[in-house]
Each structure stands twice: as structure tokens, then as C-alpha cells.
Amino acid sequence: MLLIVALLTTVGADAKLKFKSFQATPNSCVVEMVDDKAGGTITSDGALLQNDGKEYEASWYGCELRDGKAVYKAVFPFQPALRNTVIILNINGKTVKKNITADILDYLSTNPYLR
């Protein structure tokens, strides 16, 4: 029984990333992700973007933790098209991957100022 509780605690500590926003400029794209239940401390040391079969390292990466909520922000080279777009973050020593293609397209289609 104790082993099951320890396992559930470990699983609960994994990051649960949700897409927050996407901004594109002529030279870069900025991706923001959020974890509403990050807890009291996090360690994170970089971000990668996989898009259309290629991988890009973030030119800038930051993370902010407030009231147990973590916001991750990364700047990547401009992407002219979005195909099978995956963000990869290293959070608390674990690699966290999330396909964000549909999230970005939904975000862009629902924000009239970004069309």
C-alpha cells in the first residue's frame, strides 16, 4: 500500500503542460506554456521545438513560478509553417513533450488580431 501511495505522489509531480499563447514576428516565434499545478519548486533548463521534422533550440527561455503555477516562455527561430509541432521542456529532471500544432492553430483562429 505504501508503494502505491509513493508511486501516485511521483506521478502527480510530473508537469502537466497546457498551451497558453503563441506570437510570431518576422524573425522569431514565442511559445508560452503553463502548468497550473507545478507546486512549490521547479527546475527547468531549456526548451526545444520540433517542427516539420527539424529541431530548434530556444534562443531565450524563462520560467516564472507564482502561487504554485508555472509559466514557461521560449523564443525560437521564425517558423513559416506549422507541421507536427512539438515543444520539449526539461522540468524537474524529466523530459516533457507536448504536440502543440492544433493548440497554436486554434489560438490563431480565435484571436482576430493575429489573423
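Residues numbered from 1 in each chain as written. Predicted model: local features only at pLDDT ≥ 70, side-chain atom pairs only at ≥ 80, totals over all residues. Heavy atoms only, no water.

**Details of the side chain of Q79**
In step 1: For Q79, the location among the structural elements is in the loop between β6 (69–77) and β7 (86–91).
In step 2: A distance of 2.9 Å separates a polar atom in the side chain of Q79 from a polar atom in the side chain of N51.
In step 3: Those residues in contact with Q79 that sit more than four places away from it in its chain are C29, L49, N51 and Y56. (Helix = DSSP H or I, 4+ residues; strand = E, 2+ residues; numbered from the N terminus. Polar contact = N/O pair within 3.5 Å; in protein donor to acceptor, adjacent residues only side chain to side chain. Contact = heavy atoms within 4.5 Å.)

**Concerning unusual backbone geometry**
In step 1: Non-glycine residue D52 carries a positive phi angle of around 55°.
In step 2: Within the secondary structure, D52 sits in the loop between β3 (44–51) and β4 (54–57).
In step 3: A residue is classified by how much of its surface remains accessible, and D52, at 44% relative accessible area, is partly exposed. (Buried < 20%, exposed > 50% of the residue type's maximum accessible area, 1.4 Å probe, protein only.)

**Comments concerning the pairing of β6**
In step 1: Two strands pair when backbone bridges link them, and strand β2 (residues 28–35) and β6 are joined in this way by eight bridges, in the antiparallel orientation. Bridge pairing links D35 to A70 in β6. (Pairing = 2+ DSSP bridges.)

**A short note on the packing of aromatic side chains**
In step 1: Scanning all chains against the criterion turns up one aromatic pair.
In step 2: Note on F19 and Y107: the rings are 5.7 Å apart at their centroids and 75° apart in plane angle, and the pair reads as edge-to-face. You can see F19 sitting in strand β1 (residues 18–24) and its partner Y107 sitting in helix α2 (residues 101–110), a full 88 residues away along the chain.
In step 3: By relative accessible area, Y107 is classed as partly exposed at 22%. (Phe/Tyr/Trp six-rings, centres within 6.5 Å; stacked < 30°, edge-to-face > 60°.)

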